[in-house]
Structures are given as structure tokens and as C-alpha cells.
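Residue-level structural notes
Below are the chains, spelled out letter by letter.
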Amino acid sequence: MARLRCPDSVNVLLLGTGGREHALAWKLKKSPRLKTLWVEADANAGLLEIGRVCPEPMTDTFRLARWCEREEINLIVVGPEVPLAQDFVTKMSDLPRRVVFGPTRAGAQLEWDKAFAKQVMRAASVPTADARTFTDLEQALAYVDTRVDGCVVKATGLAAGKGVIVCKTIPQARAAVEDCLSKRLFGDAGATILIEDLLEGPEVSVIALCDGQTFWVLDAAQDHKRVGEGDTGANTGGMGAFCPTPRATNDLMRVVERDVLVPTIDALKRMDVPFRGVLYAGIMLTPAGPKVLEFNTRFGDPETQPMMTRLKGDLVELCWATATAQLSLVELDFDSRAACCVVVCAKGYPDAYAKGHEITGLDDAKATTCVAGEEIHLFHAGTTRKNGKLVTNGGRVIGVTALAATVARASALATEAAAKIRFEGAFFRKDIGANLELHASAVAPRA
Ligand code: AMP
Ligand code: GLY
């Protein structure tokens, strides 16, 4: 990998159309190096306000590469997991002066193949739930019948955050196995399943930038995956998130770095896969210590929304350094304030929901009373424009993100502002970042 220095003037193409990407775009825009930011044609309305539209589909990498040459694109930032699994990064990294941020398909296998991730963790002694892999219905059912405790049935492929079924009883587990292997609830993504031990404990998302050799832990955040308040109801992509989290003590982060990040990156290196991009470890803090629930190989959504509002420095340079194995040359710094994102969703989400409802109240939400040092940012997720009006276009519609002195205050502010966003069937969780055992200011800065 050539150690190209990050140019002073960079044209960036950003892949992805959701809330995570709006937050990334917002942060890329702040870079003094950014010349032009290009986004996908079907990006949300927030992205389209700040980026120029790339006319080529991201799936036609041949045409896209030619377009990138014409427009002198220097940096491509890949937001979502699907292009990573399709090896977009390898296909587009064929020009010496173009750099692509994200792992190759081989690195992204940690996310698109949970059975592979389990093997890597097992081989590298990374703490995780014990699990077995099945493709055969009868064998999987026979295994479930031998279990005494609950278990978790997981589709091993990409299932948009939905391929995990937590089962407290054997009948529930049998039904989950049938849903995956027989009814194909998650399509081909669930043609192979993992049946793993049910762990218990609070969760934390640890998100690191890796360049193949060095890594920086960007931040630890708390996501809220269940649709209902008090962590009830169906799993979603994420109803809200905040950072920093008092759960990520210095001791915990040292253990996660030593026992999870280092051995995983080393194991991939031994397989000749230098991992360059985002390594996101979903961790459960069990009584037996932190254990990995899953790896993602891209930024979290909605964790990115609060994270980007806290990240100081130049995201263009950071992506460049990650993709060119120069992370050891850059410094990371975070705003000392806390950030909290509350996602306003469409009625029905995470199941079927309607689209096309007019959205109002954005200006009111932004005008929510803040004291000095507080900020509110609205990151679009599922929005589009129709006849000049802003309308809903997804299950997660807008991520209302507040920065304030403490998580408690950021949570209160984001929740107050979220209530001002109106469309038919709008709902959000009112307990994102609430009920924290500890004050954000009690989190010691990491050494
Ligand atoms: P994942 O997509 O693998 O992070 O799983 C989604 C959610 O399912 C996690 O955030 C956990 O709440 C839950 N989960 C996943 N694996 C386990 C496990 N082994 N034990 C208990 N809960 C789990
Ligand atoms: N918020 C969880 C994820 O991005 O997978």
C-alpha cells in the first residue's frame, strides 16, 4: 500500500443513503481539505442538501470507476455493509491516486459471515458466546432439544440488523430454527445459522479505526436496539445512541483492546487480510467479563450520529490515514461534551411502515432552547423530497442529536427536540440515554 499523503484538496464520494451517512457527510464537510462531496442519487434529503449527486449507480463499478476518474475522486468512503460484502473496495482501489475507505470483502467477512467471525474468535481466543453452526433443520432441532438454557439463533449472513432471535425457552428456539432454516425468514442470509449461548448483561459498542497495523478506538457508545421503552419489543437497527458511556471505563477499554481488538486484527493479518476500516465490536458485559456479540465492519447507525458530533479534527484525513496505513501519524481527539441521538421512526417500524408522509417541525426542533455550549443537529435517515415537500421514506426517519455537558442533559434535549418533529405515525423512545447509573462527567478521560 503506497503511503500517499492526504492531498490538501480532496474530492470525496460517499456511499450510503441513511442517517449514518448524513452524519459522516456533515463531518466530512467540516474538513478544510474537502473540495467536493458527492453522494448517491437516492440519498436522503439531508445528504442531498450537502452533496452533489453522482449519476452512476454504485453497483456498476466499471462505469463508476470511469466516472471517478473524470471527476478526479480521491477518496471514496463506504458507509454501509452491503457494498463491502460485494468487494466494492477491491474493485474500486485500482487507481494509484484513489483511496477507498473500508475493508475488502475478505476483511468484511467478520460481518457478513457470523460463522466465520466465530471461527476467528475461537482461533484467537477472543471471548464470545459458545456457538454451533447448522445448515440442516433436523440436526439444528435435535441440538436445540438437548439444551437446558435459553439460546440465541442467528442468521449468519447480512440481515439488516434483524437476523438475531433471542430465545428464552426450547419451543421458542425450535420456532426460531424453523423460521430461519425452513421458512427462510431472512432469505439466504439465514441458510446457515448459529445457535449460541444466551448471555446476559449490559451492552456497549466499541468502534475502532484500523489500518492493518495500528488502530485507534474512536469511541464507545451505547445503542438502544429494542423498539420499546425499557428495552422491550422487537429488535431494530437502533432507536438511539449516546456517547461517551460510563460503562466504558478505562479498565474495560483496556481489556477490550487487549482481548478483542488486538487478537482479532492479528488473526486476520495471519490470514493475509490486513483489516483497514472500521472494526465495530458489539460487546456484552457479562459476569464472566466482556464478550463479543458481533462484529460489524462499518460505522454503527445510529452510533455515528452522536460520535461525529463529538469527534474533533479532520474526517477526510482520518479516513485517508486509515485506508493508507498511516493511522500512527494522526491524533484523535473528542469533544468533552456528551452526545445523544434519538431516532424518530415511522409507525410500524421495524415491521412494515408507510412512506410519503409529510414531515414538519424541523425548524422548531432546531430552535429548542439550548444554553451556551449546547447544540442540536438533525441527521436525516429515511427522508426524501416530493413536490418540494419533505416526506418520510424509511422506518428510521430523522436522528435528533444533541450535544451537552452530560449524557442526561443531551438526552433530555434530544428527546424534547424529537417531540417537535411531526409526521403521521411518528414515534420515538423517550428513554434514550436516560436512567444512566453514572453521570457522563464521571467517565475518566482515557489515558
Ligand atoms: P447482534 O446483531 O449480533 O448484535 O445481536 C442483536 C442483539 O441481540 C444484541 O444487541 C443483543 O441484545 C442480542 N444478542 C445477540 N447475541 C446474544 C447472546 N449471545 N446473548 C444474549 N443476547 C444476544
Ligand atoms: N446500531 C447497530 C448497528 O449499526 O449495527
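Just so it is clear, the structure is predicted and the values come from calculations on it, not from any experiment.

All right, on to the overall build of the protein chain then. Along the protein chain, the regular secondary structure elements total 14 helices and 23 strands. Against the globule reference of 22 Å for 447 residues, the protein chain gives a C-alpha radius of gyration of 21 Å, in line with a compact fold. Projected onto its principal axes, the C-alpha coordinates of the protein chain cover approximately 60 × 50 × 45 Å. Sorting the 447 residues of the protein chain into buried and exposed places 59% on the buried side. The contacts of the protein chain with a sequence gap of at least 6 include a subset with a gap of at least 24, amounting to 71%. Surface summary for the protein chain: the accessible area is close to 18500 Å², and the carbon and sulfur share equals 49%. One finds the centroid of the 53 positive side-chain charges in the protein chain at a distance of 2 Å from the centroid of its 55 negative side-chain charges.

In this section: helix 14 (residues 407-418). In this model helix 14 runs 16 Å from its N-terminal to its C-terminal C-alpha over twelve residues, within 8% of the 16 Å that 1.5 Å per residue would give. Three or more residues of helix 14 are buried, namely Val407, Ala410, Ser411, Leu413, Ala414, Thr415, Ala417 and Ala418. Contacts made by the buried residues of helix 14 are with strand 14 (240-243), strand 19 (338-345), helix 13 (362-366), strand 20 (375-380) and strand 23 (396-404).

Moving on, we get to the site of ligand 1. Close to ligand 1 lie 15 residues, the nearest being Glu196, Asp197, Leu199, Glu203 and Glu294. Here Asp197 contributes a backbone N or O atom positioned 2.9 Å from a nitrogen atom of ligand 1. Within the side chain of Lys225, one N or O atom sits 3.2 Å away from an oxygen atom of ligand 1. Considered on its own, ligand 1 offers 470 Å² of accessible surface; in the complex 93% of this is hidden by protein. Of all the secondary structure elements, the ones that give two or more residues to the shell around ligand 1 are strand 7 (151-155), strand 9 (193-197) and strand 16 (289-296).

Turning next to the sheet that holds strand 2 (residues 34-40). The strands making up a sheet associate through backbone hydrogen bonding, with each pair oriented either parallel or antiparallel. The strand order 3-2-1-4-5 describes an open sheet built from five strands, whose pairing is parallel. Taken across any chain shown, the strands that pair with only one partner, and hence form the sheet edges, are strand 3 (52-54) and strand 5 (99-101). The mean inter-strand angle of the sheet, taken between neighbouring strand axes irrespective of direction, is 30°. Pairing geometry for strand 2 and strand 3, over three bridges, is parallel. Considered in strand 3, the bridge of Glu40 is made with Cys54. Contacting strand 1 (10-15), strand 2, strand 3 and strand 4 (75-78), helix 3 (residues 61-70) runs over the sheet at an angle of about 155° to strand 1.

In this structure the tally under the stated criterion is 29 salt bridges. Residues Glu49 and Arg385 are paired through a salt bridge, measuring 3.4 Å at the closest nitrogen-oxygen approach. On the criterion of sequence distance, the pair formed by Glu49 in helix 2 (residues 45-50) and Arg385 in strand 21 (residues 383-386) is long-range, its members being 336 residues apart. For Glu49, a relative accessible area of 56% gives the class exposed. Through salt bridges that share partners, Asp8, Arg33, Asp314 and Glu317 make up one connected network.

Around ligand 2 sit Asp223, Lys225, Gly237, Tyr280, Asn296, Arg298, Gly300, Asp301, Pro302 and Glu303, and that is every residue in its neighbourhood. Interatomic distance of 3.3 Å between a side-chain N/O atom of Asn296 and an oxygen atom of ligand 2. Against a free-state accessible area of 200 Å², the protein chains account for coverage of 92% of ligand 2. Its residues assigned to classes, the shell around ligand 2 shows two nonpolar, three polar and five charged.

Time to look at the packing of helix 8 (residues 137-145) against helix 9 (residues 170-182). Closest axis-to-axis distance for the helix 8/helix 9 pair is 10 Å, and the angle between their directions is 165°. One finds that helix 8 runs roughly antiparallel with respect to helix 9. Pair helix 8 / helix 9 crosses with right-handed handedness. Of the residues in helix 9, those touching helix 8 at Leu137, Ala140, Leu141, Val144 and Asp145 are Ile170, Ala173, Arg174, Val177, Glu178, Leu181 and Ser182. Along the lines of polarity and charge, the residues of the contact of helix 8 with helix 9 split into eight nonpolar, one polar and three charged.

The next thing to look at is the sheet that holds strand 8 (residues 164-167). With antiparallel pairing, the four strands of this open sheet are ordered in space as 6-9-7-8. Single-partner strands in this sheet number two, and they are strand 6 (131-134) and strand 8. Between one strand and the next, the sheet's axes are offset by a mean angle of 20°, whatever the strand orientation. On the sheet, helix 9 packs against strand 6, strand 7, strand 8 and strand 9 and is oriented at approximately 165° with respect to strand 8.

So, how was this worked out
Residues numbered from 1 in each chain as written. Chains lettered and ligands numbered in written order. Predicted model: local features only at pLDDT ≥ 70, side-chain atom pairs only at ≥ 80, totals over all residues. Heavy atoms only, no water. Helix = DSSP H or I, 4+ residues; strand = E, 2+ residues; numbered from the N terminus. Rg over C-alpha atoms; globule rule 2.2 N^0.38 Å. Buried < 20%, exposed > 50% of the residue type's maximum accessible area, 1.4 Å probe, protein only. Contact = heavy atoms within 4.5 Å. Areas by Shrake-Rupley, 256 points an atom, 1.4 Å probe, with all protein chains shown as cover. Lys, Arg positive; Asp, Glu negative; His and termini not counted. Charge placed at Lys NZ, Arg CZ, Asp CG, Glu CD. Expected span 1.5 Å × (residues − 1). Near = heavy atom within 4 Å. Polar contact = N/O pair within 3.5 Å; in protein donor to acceptor, adjacent residues only side chain to side chain. Pairing = 2+ DSSP bridges. Axes fitted to C-alpha atoms, helices over the stretch in contact; angles between N-to-C directions. Salt bridge = Lys/Arg side-chain N within 4 Å of Asp/Glu carboxyl O. Nonpolar A, V, L, I, M, F, W, Y, C, P; charged D, E, K, R; others polar. Parallel < 35°, antiparallel > 145°, perpendicular 65-115°, else oblique. Left-handed = near helix turned anticlockwise from the far one by under 90°.

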